[in-house]
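Residue-level structural notes
Spelled out from the first residue to the last, the chains are:
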Amino acid sequence: EDQVTQSPEALRLQEGESSSLNCSYTVSGLRGLFWYRQDPGKGPEFLFTLYSAGEEKEKERLKATLTKKESFLHITAPKPEDSATYLCAVQSNSGGYQKVTFGTGTKLQVIP
Amino acid sequence: EADIYQTPRYLVIGTGKKITLECSQTMGHDKMYWYQQDPGMELHLIHYSYGVNSTEKGDLSSESTVSRIRTEHFPLTLESARPSHTSQYLCASSAGAGIWVTEAFFGQGTRLTVV
């Protein structure tokens, strides 16, 4: 069974204090790893898709990286507007093509 | 910005009532999904569709039903609401040919409370 574990559960940063969020996964044949941002009371917003180990993608202050067992979301010099819950999800070869497994997320708070 | 809409945003309803949660997308996506999310918990897939007249149950057992008569519309119905159905319901769609899922675009969600 596919598993996705995100850490830490919550993270509080000062504005400008860079850090990383972790997504560890156990899957049978990774087809894709997704990062989403979710604001309170709203649906998740797509950020990145990573397909193979060594791949990196960047968007503004965010950079996502992928290894064979985990993904990191690096946040450089965060601003208060980066405060949100960041979700990681994986799609694998097992369980059929419809199966995307989500983690429980990391709740990020950036203090001015 | 994603063009996928859910109504209502919030719903408080009594036990035993029939409800329909609406979801529409204007992106022409064939694939659509319904997820359930409780506070602090992961999203669980309850229904999905790969096109008109195609519907399947997801991982999480649900007493709800769905229909897909038009590409853009994917409503979810609860015949008899119960307090255990209280949750946030998220609709999503994704593009891409073939059987694999690409990134999903989510609606704003419907927060359902059954009293």
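Residues numbered from 1 in each chain as written. Chains lettered and ligands numbered in written order. Predicted model: local features only at pLDDT ≥ 70, side-chain atom pairs only at ≥ 80, totals over all residues. Heavy atoms only, no water.

**A few points about the overall build of chain A**
For the record, the criterion: Starting at the N terminus, helices and strands are each numbered in turn, a helix being any DSSP run of H or I of at least four residues and a strand any DSSP run of E of at least two. Based on C-alpha atoms, the radius of gyration is set beside the globule rule, defined as 2.2 Å times the residue count to the power 0.38. Remark: exposure states derive from per-residue accessible area (1.4 Å probe, protein chains only) relative to the maximum for the residue type, with buried under 20%, exposed over 50%, and partly exposed in between. The contact criterion used throughout is that any non-hydrogen atoms of two residues lie within 4.5 Å. Here the accessible surface of atoms and residues is derived via Shrake-Rupley with a 1.4 Å probe, and residues count as covered only by protein chains that are part of the display. Only four residue types enter the tally: Lys and Arg on the positive side, Asp and Glu on the negative side, with His and both chain ends excluded. For this purpose, a charge sits on NZ of Lys, CZ of Arg, CG of Asp or CD of Glu.
Counting secondary structure elements, chain A contains zero helices and 11 strands. Relative to a compact globule of 112 residues, whose C-alpha radius of gyration would be 13 Å, chain A shows 14 Å and is just as compact. Along the first, second and third principal axes, the C-alpha set of chain A runs to 45 × 30 × 20 Å. For chain A, buried positions account for 46% of its 112 residues. For chain A, restricting intrachain contacts to residue pairs at least 6 apart in sequence, the fraction spanning at least 24 positions comes to 56%. In the form shown here, chain A has an accessible surface area of approximately 5400 Å², with 46% of it arising from carbon and sulfur atoms. Taken as two groups, the 13 positive and 14 negative side-chain charges of chain A have centres that lie 3 Å from each other.

**Section: the interface of chain B and chain A**
Selection criterion: Summed over both partners, the accessible surface that disappears when two parts come together, traced with a 1.4 Å probe, is what is meant by buried area. For salt bridges, the criterion is a side-chain nitrogen of Lys or Arg within 4 Å of an Asp or Glu carboxyl oxygen. Whenever a nitrogen or oxygen atom comes within 3.5 Å of another N or O atom, the pair is scored as a polar contact, on the condition that within protein one atom can donate a hydrogen and the other can accept it, and that pairs from neighbouring residues in sequence are kept only if both atoms are in side chains.
On the chain A side, the residues contacting the 22 residues of chain B number 21 residues. Taken over both partners, the interface formed by chain B and chain A buries close to 1900 Å², and the fraction arising from carbon and sulfur atoms is 57%. At the boundary of chain B and chain A, one finds zero salt bridges. At the surface where chain B touches chain A, the tally comes to four residue pairs in polar contact (both at pLDDT 80 or more). Residue assignment for the side of chain B that touches chain A shows that the elements contributing at least two residues are strand 4 (31–37), strand 5 (44–51), strand 9 (87–94) and strand 10 (104–106) of chain B.

**Quick word on the sheet that holds strand 3 (residues 19–25) of chain B**
Residue and element names in this part refer to chain B. Filter applied, for reference: Should DSSP find at least two bridges between two strands, the strands are taken to pair.
Read from one edge to the other, the open sheet built from four strands follows the order 1-3-8-7, with strand pairing classed as antiparallel. A strand with exactly one partner marks an edge of an open sheet, and here the two such strands are strand 1 (4–7) and strand 7 (65–66). The pairing of strand 1 with strand 3 spans four bridges and is antiparallel. Looking at strand 3, one finds that Tyr5 is bridged to Ser24.

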